Structures are given as C-alpha cells and as structure tokens.
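Structural overview for review
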Amino acid sequence: MILLSLLQNSEDIRCKCICPPYREVEGQIYKQNVSLKDCNCLHVVDPMPVDGKDVEAYCLRCECKYEERSSGTIKFTIIMYLSILGLLLLYMVYLTLLEPMLKRRLFGHSQLIQSDDDVGDQQPFANAHNVLSRSHSRSNVLNKVEHAQQRWRRQVQEQRKSVFDRHVVLS
Amino acid sequence: MESEQLYHRGYCRNSYNSIASASSDEELLDGAGVIMDFHTTEDDNLLDGDAASPGSNYAMSNGGGAPSSSTHLLDFLEEPIPGVGTYDDFHTIDWVREKCKDRERHRKINSKKKESAWEFTKSLYDAWSGWLVVTLTGLASGALAGLIDIAADWMNDLKEGVCLSALWFNHEQCCWTSNETTFAERDKCPQWKSWAELILGQAEGPGSYIMNYFMYIYWALSFAFLAVCLVKVFAPYACGSGIPEIKTILSGFIIRGYLGKWTLMIKTITLVLAVASGLSLGKEGPLVHVACCCGNIFSYLFPKYSKNEAKKREVLSAASAAGVSVAFGAPIGGVLFSLEEVSYYFPLKTLWRSFFAALVAAFVLRSINPFGNSRLVLFYVEYHTPWYLFELIPFILLGVFGGLWGAFFIKANIAWCRRRKSTRFGRYPVLEVILVAAITAVVAFPNPYTRKNTSELIKELFTDCGPLESSQLCEYRSQMNGSKAFTDNPNRPAGPGVYSAMWQLCLALIFKIIMTIFTFGLKVPSGLFIPSMAIGAIAGRIVGIAMEQLAYYHHDWFLFKEWCEVGADCITPGLYAMVGAAACLGGVTRMTVSLVIIVFELTGGLEYIVPLMAAVMTSKWVGDAFGREGIYEAHIRLNGYPFLDSKEEFTHTTLAREVMRPRRNDPPLAVLTQDDLTVEELQGIINETSYNGFPVIVSKESQRLVGFALRRDITIAIENARRKQEGIMLNSRVYFTQHAPTLPADSPRPLKLRSILDMSPFTVTDHTPMEIVVDIFRKLGLRQCLVTHNGRLLGIITKKDILRHMAQMANQDPESIMFN
C-alpha cells in the first residue's frame, strides 16, 4: 500500500509543448500538468504569444507530447542501490581490514598464514572428497554459516588467482 | 533382445539430431565412414552369460537404466553413486551423454504418468518447468536492467551536480516539471545545482569551470576505484564483457562460479559504477552476462535443468536473448543475437524459449518505465525523409570505414590485452583502471560531446536538425528575414556553430577510438556496443554534414541536380549517423542480420533498412578481408578456451591417425583392462597420468574396445566404494563386466564399476579424413573420439587435439602441399 501511494504522484504527468521561433517570437517550451485529453497547444501554451489570427499558424508548428514518469520507482531504486552499495563497502572494509586485525589479535600469527595455503593440491581425490562430503550436513547453524563462508572465500581466492595472477581467464 | 538393444541405441542416437544445428546429420551418422561400435562380441557373451546386456548404454546415468532393459537383480540393488556424471571445473561437457540422460529422465517420467494423479502432475510440471524458468529469467533480467538504467543515469549526472529538491533525481528528471527551461537551454533549472554552484556559490566564470572540472575528475576516479575494488574483493569473474566466456560456456565448457550469485550481484553493482565513471564502455555485453546469471540461478530450482548441463544451456541461450532485449529494447534483435553470436546449438525449442524470454523481459522493463515517454526505444528517430540512390555511395564508404575500424580495433585491442596478460604490467589492475579513468576524465571534460553520457551523444547525433532542435549542431545560417515564411528544414549553409561542432566531433572521434582500445578488457564490467556505435555515429554525422554542404554549394552537379532540388530537403545527416553506427558495430562484432534488426528496433527507422544492410554487409566484407574473427572470437582465442568455432571450415587433407594421440614418440595409450586390474593398480594409473578418461579394453592381447571411463567418475566411484562397501581393499579386483571374474576363494571382495562405464564411445578408423572428424565433433559436441585400426584400439583424439591441430594448420597453411 505504501509502495502504491509512493508510486502515484500527481506531479508525474506532464504535457510538454515545444514551439519553434515564429516571426518575432522566440522559441519557447511550455510544460503543464494536464492529462492526455488536454495535451494540445491551445491548453498548454499560456500565455499565447501571438494574436488571434496567428494562433493557428503558431500552434501548427508546435509539437506537444504527453509524458508520464514514476518518481516513486526512481526514488525506491536509488535508495535500494545505495544501501546495497553501502553494505558491500562495509563488508569489503571488514574483510580486508578488520578481519585480519581481529584474527591476529585472537589467534596469533600462525593461524592466519595457515588458512591461506589450505587449498590443497591433491587432485583428483580432493575433488571427490568435496563431492561426497556435501551430503554430510552439520546440524549447527553457525557452523554451517562459517563453513559456507570459508568455502566462498576459497572460491573467490581461486577465481582471483585465475583472473588476476595467472591470467588464465578473462584477460 | 538384439532388436531391443538396437532400439535403445537408436533412441539415444536420435537425440543427437535434436541438438545439432545442421540438417545433414542423418547422412553423417549413417555414412561417410564413421563406424559406430555397438555389437556384443562372443567374448562378452561368454562373460555375461546371456546376450541381454543392458541395451541402454548410458546405464551410468544416475537413476539406473531404463526400466525395461535391465533384468538383473544386482542392478536394482545398485544405488546411483552421488557425484558421478558431474564435471570438473574448466572441463568440457559431453553433450551426447547429457542428452541421453535427459531422454532417460523423460522416458521414466512419461512411463509413470499413467500410474496416479500425482505422477501425472509431476509430468505436467516437468513439461512446463522450461517455460517457468524462462519466465523467471525474463522477469529478473527486466527488473535488473531497469535498476541498472535508473542507477547509471543518476550516478552519471552526479558527476556534474545534484538536484537539491530531490536528491534521487538526475538532471533531466530534476528539471522535468520546471518552467524555467528555455528553448535554447533545455537543461537549465534552478533546482539543479552544479558542484561549482554548491561549493563556490557561482555558476559561471573560470573558477567555477575549474571547480566543475575537478569535481568531475574526482567523482570519475572514485567510481572507477570503487568498481575495481569490489570486483577484486568479491567476484573476480565479474570483470570484462562476459560474452566470450558465455559463448564458450554455451559450447560446452564449464566455468564454475562464472554465472553465480555473487558474480551477478557484483556485476550489477559495478556495472553502474563503471558506466558512471565516464569510461568509454557500454553496458550491453555485461547485461547479457547478468541475464545468463539469472538464468543459471533459476535453473537450479528445477532438477530437470540443474542436473543436466545440456538442458541448462538451453536456458542460457534464452537468457542471453533476454539480456540483449533489455539492453537495447530490441526483443527480436535479442533472439537473433542469441542465434547468431552466442549460442552453439540452437534448435527450434530454444528459439521459442528465447522469444518468450525476450518478450517477458521487454515487458517488465516497459512496465517499470521510469523515465516517461516510454523510453524503451533508446534512440527514436522521428524523421521519415526518403533516401536517394546516390546516397548509397557514402553509405558504402561508411561501411568501409566501419570494417577498417573494426579490423584495426580488434588487432590493437588483442595486442594490448596480450601485453596485459603476459607482462608485469598486468599485475596492477587497480592502478590500471584508475589511470585509464583519470586520462579519460581529464581529456573528456573540455569537449562537450565527450563530457556527456555516450547514449545521449548517440541520441543527439541520430536526431536530425528540425525546427524544434536548438543544439550547436543545428546552427545553420538561415536566410529567413522577417517576412519570409519558415520552410521546413531546407538545405542551408552551415553556420559557425556547425563548424565548431564538427571540429569538436572530430576530436571526440579520435579520442574515443584511442580510449576504447584501452578500456575494453579492463578489470571492470565493460561492454563494446555503445562505444562502437558512438564512433560510427560521429563518423556518420561528419560525413552527413559534409554531404549536405556539398549538396548545397554544388547543387549544379549532375548527382544533386537529378535528385535534390534547390531549397528542398535532400540529405539527412542523422541517417548517416545511424548507418555509421551500424557499420562500426558490424565491423567489430561481424554480426549481420541481428545487427540490422537491433538498429532498426533501436531507432524505429523502418524505411532505412536497405542502407543499413548495405553498410553492414560492406563492413563485414572489409573486416573479413583483414581477419576472419570478430572481437569475441579473438578474445576466445586469446584466452585459449576450447571453443570449436562452427563458422570456420576445415579444409585440410590430414587423416585421423596424424592427429590422434599417442604420437610416434609418446608413451603408449593408457588403457584399462576390463577385469584385470586391482584397486591399487587403478589408482596408480590415475595418479601417474593426467588424462581425463581411459578406454577400457577386453585384454591386452586382443585390444578390443569395451567402453570408455572418465577419470572423475572412477575416482568418485572408488571413494564411494571404500566408504560404503565393506571388504574393498587395495588388492581387490576391479571389473567393468557384468559378472565378476572367477577369483580364488580368499581374495577380497571385487569392485564392480560397470555403472560408470560408457559402453558406446564414438570411434573412427585411422584413415578417416580430419574434415569428417572435425565435423562430427562440431555437430555432436563430442569431447573425445577413439581411433581404431582393423577393429583394434589405436589411439584417441580429444577436442584439445583438434583445436591444436587446427591452430597448427592455420599457421602452416601457405606451405602445406595441397594434393591428395
């Protein structure tokens, strides 16, 4: 309901008439908040710059268009985009700056170094482990989240290696 | 039983026809020297005990064999091994196997259909799930494209100022209701404040110019920096255009994570940032990637598509059509683009699905309609002036320019990307992006044509000068005085405004040509369509204005006297811009039909299809004279993806035995015997070699072929057996036959691996010409093919061998002797 009321804004319709230069009169743009049936030169061009018998000739040169927009959609989209961007920035700052600092403070240096080299090189059987172990589910939710995050981090690291370091993909 | 075997065989074979794009596959399968190996030898009879070995060859499809074929109790007890039938990362799928798996699943569902209402509903759901996936993909693509459009427009204008009354409006929307806009300056309104006005308090003057300049560079750099950081930290696969990789994926390659959730999110967010930073790139290619991500994600909701790689690629073809449809507002062009550029196999079913996806996506985008005047057609041209026959000459010249520029761009861009790939320079992607963005911003700001959004530039160039236009490009010297009536758009001499605009356009052209070479391939999402169209539009407009002035000053020449009357409207420069844009885009991507349809849907200029076609054809011919590949194929070759191009022809006269492995000096072919190996020996073979699959033969003496087993399946099966079954030890016997071989009484329990064996590998003889082998690989989507000689196994040809051979042949072509 709120969304609908956001979307119905009376300022979101207009009739725009562009009138080119005519004799001594300069070119002008007229805008008014009228509906489709009133969107013509006689209703919108106000005040009329020419006198009675020239009005028709003047109006023939003008082009009037009816336009609608949805300002609520625009507002909603921009706010949503900026909030997602802000969240991602915060997460990025956390991942790159805060987490190593926290880890170092809690666990010391050795653990940090170990986690980076965890990606073993024991193909093909390592892969088989991955495939089969997916069927084992842990009941602890937090463990699952941590597990998923670790797996995602490893994937991103692999991707980063292929794209940025070895230039295998997407060069 | 024999006929039943053949029936199952034939049933599976018929599925290949549906995936091949040519219609001559029946001939291919039945003749032309290709041997299909599908008999049961007397050895097999002896070992199996009866002739009723399971006819359905891909018994390893996880779901068991078809119910009517296997009658052995043991097979019913065998549960499918989880993970068999999946693929490793960066490997090619086996199209034949995937299609057969799908047929099995379909048959199973259909046979159960009559049993109960629930089964019937399940079969209905299965039949309709394809349309459901495609609908969801279209909806998501449309919504995301709307988001990207709105956000990109807003952020683009953020570089020049803010709208004080409503911060979320861009410049055009801010002044939408204002009555202070004038005819000459359509953008002025008090609510919109440039940065100089906000910070310094004044709008004009050198100080505010410098302040605007500085803020422009600052915003451009920060957007670019944010974009590349997000890409690097969260989803490195989100960089680049995406179309070369999607082409490779659709031809059967697996890149895990390329079409995932994080890639989707980061690509959407960083695309907006990259476009807003003023870099010379577009958003059409990345939108195709975004749409394919949506398609991939939704296909995981339905087991019909998530478990089958071939079916998933049908959805991806439809998704790429939806992507182009929302990028340009061109649904039909999107379908044709998917057919011509992106997809590998495109049967009729995919055509319908793509059509539907493009339709849904276009509908969603239109209903979002944020900008008023229903701007689904991006560059709507409103003129309907006719074009004249002599104008074909400049159109063809524009086509030649497009082809030349395309060839030059491809060579330069590939050279630059190769430099980035192989030298130390490529180690600093963030620095590179910032540098390019800085140079672009610094050079682009002074020129009003490069400062604005590229789409707006194209729109202005496409629009012809009429009485309602007031831009600098339309400042012609008018001859009217107070009493003379105003005639609509006669040919007039150019005023000083037009001359200065021409100079600025020339500089903009050079700038864009140079910057796009360095921008395409950066580690941010970057597309190529809009910059190419901009370059073509600028060139076209310059030619158009030149022609117009020529027609005015030399109206007594033969050409113009025939068709152009003095004082009448003759040349439309906007049309030249349109033709130039199409020519340049065609020169760089080498599209034909889809390009013409896209441009015509973009502009609504139905009368101008013939000039468009002429220019696009010319640019394709000229471009092909310099190199047969478009930009996407060139990038595929640069990255070394295993893409077997179906557009190239293989014309050399080599035979299969010259390409197959093992070559003369190589170690012999690594084969497995069907019941001789122990688990330890098998693991040893797998560990020592790095091959993806191993042929299984009857015995070392006879060398007759039984089937083919993949490395991944073997390792998964062994792991699974060690976990689930008891008594499997290192010296257990491994057998691929139906019944275990006779073993002494105290030997450990044998391991049966028949379920993972592919019983019908493709074989050719060693004298088969490579033309036919390449054709088979292309049309059937094979991964490997075995080579036999006099019925005995000789070697193997893989897709990589073929690609290497083709590359080798291409380099050696002038020297090779061409008689048979």
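Structure report, in brief. Model, not experiment: these values are computed from the prediction.

A word on the state of the cysteines
Counted by the stated rule, this structure contains seven disulfides over all chains. The partner cysteine of A:C19 in its disulfide is A:C62, sulfur to sulfur 1.8 Å. Across the S-S bond of A:C19 and A:C62 the torsion is about 120 degrees, and the bridge reads as right-handed. You can see A:C19 sitting in strand β1 (residues 13-19) and its partner A:C62 sitting in the loop between α3 (55-61) and β3 (63-68), a full 43 residues away along the chain. Like A:C62, A:C19 is buried. Note that B:C163 is cross-linked by a disulfide to B:C174, the S-S spacing being 1.9 Å. With the S-S dihedral at roughly 80 degrees, the linkage between B:C163 and B:C174 falls on the right-handed side. One end of the pair, B:C163, is in strand β2 (residues 161-163); the other, B:C174, is in helix α7 (residues 171-174), and eleven residues separate them in sequence. For chain A, the disulfide bridges join cysteines in the arrangement 1-4, 2-8, 3-7, 5-6, where the cysteines are counted in sequence order. There is no disulfide at B:C785, and the cysteine sulfur nearest it, in B:C100, is 16 Å away.

What about a negative patch on the surface?
Residue and element names in this part refer to chain B. Residues D676, E680, E681 and E701 make up a contiguous surface patch of negative charge. For E701, the location among the structural elements is in the loop between β5 (693-697) and β6 (705-710). For E701, a relative accessible area of 63% translates into the label exposed.

With respect to a nonpolar patch on the surface
Residue and element names in this part refer to chain A. Together, V93, L97, L98, M101 and L102 make up a nonpolar patch on the protein surface, roughly 440 Å² of accessible area in all. Among the secondary structure elements, M101 is positioned in helix α4 (residues 71-107). Judged by relative accessible area, which is 43%, M101 ranks as partly exposed.

So, the side chain of B:N453
Tracing the backbone through its elements, the reader meets B:N453 in the loop between α19 (448-451) and α20 (454-462). Side-chain polar atoms of B:N453 contact the side chain of B:N156, separated by 3.3 Å.

Here we look at helix α22 (residues 529-553) of chain B
Compared with the 36 Å implied by 1.5 Å per residue over 25 residues, the 36 Å span of α22(B) between its first and last C-alpha is a close match. With 20 of its 25 residues buried, α22(B) lies for the most part within the structure.

Focus: the pattern of salt bridges
Residue and element names in this part refer to chain B. Across all of its chains, the model carries 28 salt bridges over all chains by this definition. E314 is paired through a salt bridge with K311; the nearest N and O atoms lie 3.7 Å apart. A residue pair is termed a helical-turn pair when its members lie 3 or 4 positions apart in one helix, as E314 and K311 do in helix α14 (residues 309-328) at three residues. Residue E314 is classed as buried on the basis of its relative accessible area, which comes to 11%. Connected through shared salt-bridge partners, K99, D102, R105, D126, K311 and E314 make up one network.

Side note on the interface of chain B and chain A
In this complex, chain B contributes 72 residues to the contact, which on the side of chain A involves 57 residues. Summing both sides of the interface, chain B and chain A together bury roughly 6,100 Å²; the carbon and sulfur share of this comes to 69%. At the boundary of chain B with chain A, the tally comes to zero salt bridges. The tally of links from chain B across to chain A stands at eight residue pairs in polar contact (both at pLDDT 80 or more).

Some words on unusual backbone geometry
Residue and element names in this part refer to chain B. Backbone torsion omega between R661 and P662 reads 5 degrees, so that peptide bond is classified as cis. Note on placement: P662 falls in the loop between α28 (656-659) and β4 (672-673). A positive phi is found at F90, a non-glycine position, where the angle reads about 60 degrees. Among the structural elements, F90 can be located in the loop between α4 (73-77) and α5 (95-111).

Focus: helix α31 (residues 770-780) of chain B
Residue and element names in this part refer to chain B. Burial analysis of α31 places eight of its eleven residues in the buried class, the great majority of the element. Of the residues making up α31, those classed as buried are M770, V773, V774, I776, F777, R778, K779 and L780. Count one or two residues on from α31 and you reach G781, which has phi positive near 70 degrees.

Here is what the cut-offs are and how they apply
- Residues numbered from 1 in each chain as written.
- Chains lettered and ligands numbered in written order.
- Predicted model: local features only at pLDDT ≥ 70, side-chain atom pairs only at ≥ 80, totals over all residues.
- Heavy atoms only, no water.
- Disulfide = S-S within 2.5 Å.
- Helix = DSSP H or I, 4+ residues; strand = E, 2+ residues; numbered from the N terminus.
- Buried < 20%, exposed > 50% of the residue type's maximum accessible area, 1.4 Å probe, protein only.
- Patch = residues over 30% accessible without salt bridge, like charges linked within 9 Å, V, L, I, M, F, W, Y side chains within 5 Å.
- Areas by Shrake-Rupley, 256 points an atom, 1.4 Å probe, with all protein chains shown as cover.
- Salt bridge = Lys/Arg side-chain N within 4 Å of Asp/Glu carboxyl O.
- Lys, Arg positive; Asp, Glu negative; His and termini not counted.
- Charge placed at Lys NZ, Arg CZ, Asp CG, Glu CD.
- Polar contact = N/O pair within 3.5 Å; in protein donor to acceptor, adjacent residues only side chain to side chain.
- Expected span 1.5 Å × (residues − 1).
- Contact = heavy atoms within 4.5 Å.
- Buried area = accessible area lost by both parts, 1.4 Å probe.

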